[in-house]
Amino acid sequence: MRFDVVTLFPEMIRSVMGYGVIGRAIERGLVELVTWNPRDYSRDRHGTVDDRPYGGGPGMVMKVEPLRDAIQAARAVSEPGPVIYLSPDGPTLDGGHVGSLAEQSRVILLCGRYEGIDERLIELEVDARLSIGDYVVSGGELPAMVVMDAVARLVPGVLGHAESAAQDAFAEGLLDWPHYTRPETVAGRGVPAVLTSGDHQAVARWRLQQALGRTQARRPDLLDRRGLDEQEQALLDAYRAEHGN
Ligand SMILES: NC[C@H]1CCC[C@@H](CNc2ccc(C(N)=O)cn2)C1
């Protein structure tokens, strides 16, 4: 999987993406990360990438040419891939988007700053928009890193034993089950007995039941979307009987 990021702050991307499983995946070559700075493609010696908005108003707008030249430089190397603009007016990222992006061999992510990007750049070069939620942050870089992290986790080998991605309850369309580790008693609180029973089948069943119960309680909309088979319904009924809800 190759990510190309068009951004005025390449160091922001490279430093944050260098940590943890994703950083190791980049070191191991499972994920490739290349940044393209529009300022390197500015048409004047001042490195101008923005200018005042036509029609007046506060703030600055990102100019077409430096962005277009950076995107075309990215397109010119490696194989084709969609150009995705991180923007609050895109569809909200969900597991479906992450899954389909993970099937691409390459994605070019466009990060905006200032008040916005000249609309003609979007018309000329952007294939799709994506939003990470209904709020505005000061640049597209953090949203781009959220997308890259979520997608990279689905690349085979990135999470070590691949099943931990599948085990990730959200991959099942459910919220996560509770996690515990040593010490066995802390602040007077113990660990659910099944988890120290050594019965792996019982543990797996308990975890699924917890994920179902928590999803029903906190995000019933996810449950409606996912649907349950008979065994899952029985587990959920038992959970609700036990938790009185
Ligand atoms: N006019 C606001 C707009 C101008 C151009 C740059 C963007 C960067 N900020 C972003 C980007 C994406 C998201 C999101 N929800 O995915 C939030 N914030 C902000």
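Values in this document were obtained by computation on a predicted structure and should not be read as measured data. Here the residue index of a chain counts from 1 through its sequence in written order. The predicted nature of this model means local features are confined to residues of pLDDT at least 70 and side-chain atom pairs, given and counted, to a pLDDT of 80 or more, with totals for whole chains, interfaces and linings taken over all residues. Side-chain figures throughout are based on the complete set of non-hydrogen atoms in the structure, without hydrogens or water.

1. Thoughts on the sheet that holds strand E8 (residues 128-130)
Now for step 1: Here, a strand pair is defined by DSSP locating no fewer than two bridges between the strands. A helix here means a DSSP run of H or I that spans at least four residues, while a strand means a run of E at least two residues long, and both kinds are numbered starting from the N terminus. A sheet is described by the order of its strands in space; here 5 strands give the open sequence E2-E1-E6-E5-E8, paired in parallel fashion. Each of the sheet's edge strands pairs with one partner strand only, and the pair in question is strand E2 (32-36) and E8. Taking each pair of neighbouring strands and ignoring which way they run, the sheet shows an average axis angle of 25°.
Now for step 2: In the sheet, strand E5 (residues 83-86) pairs with E8 via 3 bridges, with the strands oriented parallel. Its bridge partner lying in E8, Tyr 85 is registered against Arg 129.
Now for step 3: By definition, residues are in contact when any of their heavy atoms lie within 4.5 Å. Under this scheme, a helix contributes an axis fitted over its contacting stretch, all axes are lines through C-alpha atoms, and angles between N-to-C directions fall in the 0 to 180 degree range. Contacts from helix H1 (residues 10-17) reach strand E1 (2-6) and E2 within the one sheet, and its direction differs from that of E2 by about 165°.
Now for step 4: Packing against the sheet, helix H6 (residues 141-152) makes contact with E1, E2, E5, strand E6 (106-110) and E8, and its axis sits at approximately 180° to E1.

2. Topic: the pairing of E6
Now for step 1: Here's how the labels work: a residue is buried when its accessible area is under 20% of the maximum for its type, exposed when over 50%, partly exposed in between, all with a 1.4 Å probe on protein chains only. In terms of residue burial, E6 counts as a mostly covered element, since 5 of its 5 residues are buried.
Now for step 2: Of the two faces of E6, the one holding Arg 106, Ile 108 and Leu 110 and the one holding Val 107 and Leu 109 are both buried throughout.
Now for step 3: The sheet contact formed by E1 and E6 spans 5 bridges and is parallel. When the sheet's bridge partners are listed, Val 5 is paired in E6 with Leu 109.
Now for step 4: Seen with its strands pointing away from the viewer, a crossover is right-handed when the path leading from the first strand over the helix to the second is clockwise. Handedness of the crossover is the feature at issue here: the chain leaves E5, passes through helix H4 (residues 95-102), returns alongside E6, and the resulting connection is right-handed.

3. Focus on the site of the ligand
Now for step 1: If a single non-hydrogen atom of a residue is within 4 Å of a molecule or strand, that residue counts as near it. Around the ligand, a shell composed of 18 residues is seen, among which Ser 131, Ile 132, Gly 133, Tyr 135 and Val 137 lie nearest.
Now for step 2: Distance and chemistry together define a polar contact, namely a pair of N or O atoms within 3.5 Å, with one atom able to donate a hydrogen and the other to accept it when in protein, and with adjacent residues in sequence counting only for side-chain atoms on both sides. A distance of 3.2 Å separates a nitrogen atom of the ligand from a polar backbone atom of Glu 115.
Now for step 3: A distance of 2.8 Å separates a nitrogen atom of the ligand from a polar backbone atom of Gly 133.
Now for step 4: A 1.4 Å probe and the Shrake-Rupley method give the accessible areas. Residues count as covered only by the protein chains that appear here. Isolated, the ligand exposes 450 Å² of accessible area, and the fraction of that covered by the protein chains is 88%.
Now for step 5: Classification convention: Asp, Glu, Lys, Arg as charged; Ala, Val, Leu, Ile, Met, Phe, Trp, Tyr, Cys, Pro as nonpolar; all other residues, Gly among them, as polar. Taken together, the residues that form the shell around the ligand break down as 9 nonpolar, 7 polar and 2 charged.

4. Side note on the UniProt feature "binding site: S-adenosyl-L-methionine" (unreviewed entry) in the protein
Now for step 1: UniProt positions are given in the numbering used here, feature names are shortened, and annotations may be inferred rather than shown by experiment. Residues annotated in UniProt with the feature "binding site: S-adenosyl-L-methionine" (unreviewed entry) correspond here to Gly 112, Ile 132, Gly 133, Asp 134, Tyr 135, Val 136 and Val 137.
Now for step 2: Setting aside anything within four residues of it in sequence, one finds Gly 112 in contact with Met 62, Tyr 85, Ile 117, Gly 139, Gly 140 and Glu 141.
Now for step 3: Along the chain, Tyr 135 turns up in the loop between E8 and H6.
Now for step 4: Residue Tyr 135 is classed as partly exposed on the basis of its relative accessible area of 45%.
Now for step 5: There is a polar contact of 3.2 Å between the side chain of Tyr 135 and the backbone oxygen of Ile 132.

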